[in-house]
Amino acid sequence: MKLLPKVIVFDLDGTLYEDIHHFNFYAERLRDKLPLQKQEIFWKEYKLAEQGEHTLRIGRVYDVAKDLLLVQQDRIVKEAFKWDGTALSQEEVNQLYPEQITIDLESMLSIGDLWWVPACVAFHHGLSGKSGHRSFLETREFMMTPEFKMNKITNFKEMLQDLREHGVKLVLLTNSPEPDSEVILTKLELQTVFHKKIFNGKKPTLTSNRFEEIALTFNVNYNEILSVGDNWINEILPAQKLGCSTILIDPHHISTDESADIVVETMTQAIPFFKKIIE
Ligand SMILES: [Mg+2]
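Residues numbered from 1 in each chain as written. Predicted model: local features only at pLDDT ≥ 70, side-chain atom pairs only at ≥ 80, totals over all residues. Heavy atoms only, no water.

If you check an unreviewed UniProt entry, the protein chain appears there as HAD hydrolase-like protein from Litchfieldia luteola.

See the structure below:
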């Protein structure tokens, strides 16, 4: 597939860096806020889920109130599982979810990346959303310290600079807040490479509004925008609907070839496709 974008929109976490050791730190912060008697089972289930051996896994949706794991397609629930893995009958599924579900950040959680794995396990064991958010902030704080070392993606910065020199506009669109995102960008030496940076992006709810803003800023059509990210719900699906091209980074192999124009396991694998843009 030949992509010819004038604007490329990048997600930050899981896209511009490939480190994952902070997820353990996050899981520990979540664990420590649970009652003592829940901590061991939390950790066990978190590890199983991380390895794709639990009903809760990346690619599913967690219905917090009903404590069910959902397999959905275009927000229509196809399958539902109890925590122990028992599948609900098709009749029960239709009864519980007769219409499209609304994915949000509180009650219907899309387990789109590794952030959501320990969080949903913790919510299952009764952790409040507030405590979950506090653990997230503690983790982001840790990521800003010098102790949190980040591995740069080889040749990535050079490739971005190349794209810039060829007139391609580069945009960062992240759900993370500005101060810690900037620290991460600085660690990656990517703080000045973007033409536009949008923080607190509120994806997926506001993804299409953000893309509208980006299209206006750079005076391009949607088919001239390429969206790159590791979260299908946040960065790929809404962009596809607008007519943008897409590259999905899928380290967990939860997508199909149709999920995006290009599906890769790591950003490193995507670099040849970016190079082709300016060939
Ligand atoms: Mg991401």
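### As for the coordination of the magnesium ion
Perfect tetrahedral coordination of a metal by four donors corresponds to 109.5 degrees between them, and perfect octahedral coordination by six donors corresponds to 90 or 180 degrees. Within the protein, the atoms that donate to the magnesium ion are Asp11 (OD), Asp13 (O) and Asp230 (OD), at distances of 2.1 to 2.2 Å. Written as a sequence motif, the donor arrangement for the magnesium ion is D-x1-D-x216-D. Pair noted here: Asp13 is in the loop between β1 (7-10) and α1 (22-32) and Asp230 is in the loop between β8 (225-229) and α9 (232-242), with a separation of 217 residues, a long-range link. The exposure classification of Asp13 matches that of Asp230, with both residues buried. (Donors = N, O, S within 2.8 Å, 3.2 Å for Na, K, Ca; no water. Helix = DSSP H or I, 4+ residues; strand = E, 2+ residues; numbered from the N terminus. Buried < 20%, exposed > 50% of the residue type's maximum accessible area, 1.4 Å probe, protein only.)

### A closer look at the environment of His22
Residue placement: His22 occurs in helix α1. Using a relative accessible area of 1% as the deciding quantity, one classes His22 as buried. Distance from His22 to Asn175, taken between C-alpha atoms, is 17 Å for residues 153 residues apart in sequence. Not counting chain neighbours up to four residues away, the residues in contact with His22 comprise Tyr17, Trp115, Thr139, Phe142, Met143 and Phe148. (Contact = heavy atoms within 4.5 Å.)

### Observations regarding the packing of aromatic side chains
Evaluated as defined, the whole model comprises 13 aromatic pairs. Ring centres of Phe10 and Phe156 lie 6.0 Å apart, and the angle between their planes is 90 degrees; this geometry places the pair in the edge-to-face category. Linking Phe10 in strand β1 with Phe156 in helix α6 (residues 156-165), this pair joins segments that are 146 residues apart in sequence. Take Phe10: its relative accessible area is 1%, and that puts it in the buried class. For Phe156, a relative accessible area of 2% translates into the label buried. Measuring from ring centre to ring centre gives 6.3 Å for Phe42 and Trp43, while their planes differ by 55 degrees; the resulting arrangement is tilted. On the accessibility criterion, Phe42 (0% relative accessible area) is buried. What links up through ring pairs into an aromatic cluster is the set Phe10, Phe156, Phe194 and Phe274. Between Arg29 and the ring centre of Phe25, over which it is positioned, the NZ or CZ distance is 4.4 Å. (Phe/Tyr/Trp six-rings, centres within 6.5 Å; stacked < 30°, edge-to-face > 60°. Lys NZ or Arg CZ within 6 Å of the ring centre and 35° of its normal.)

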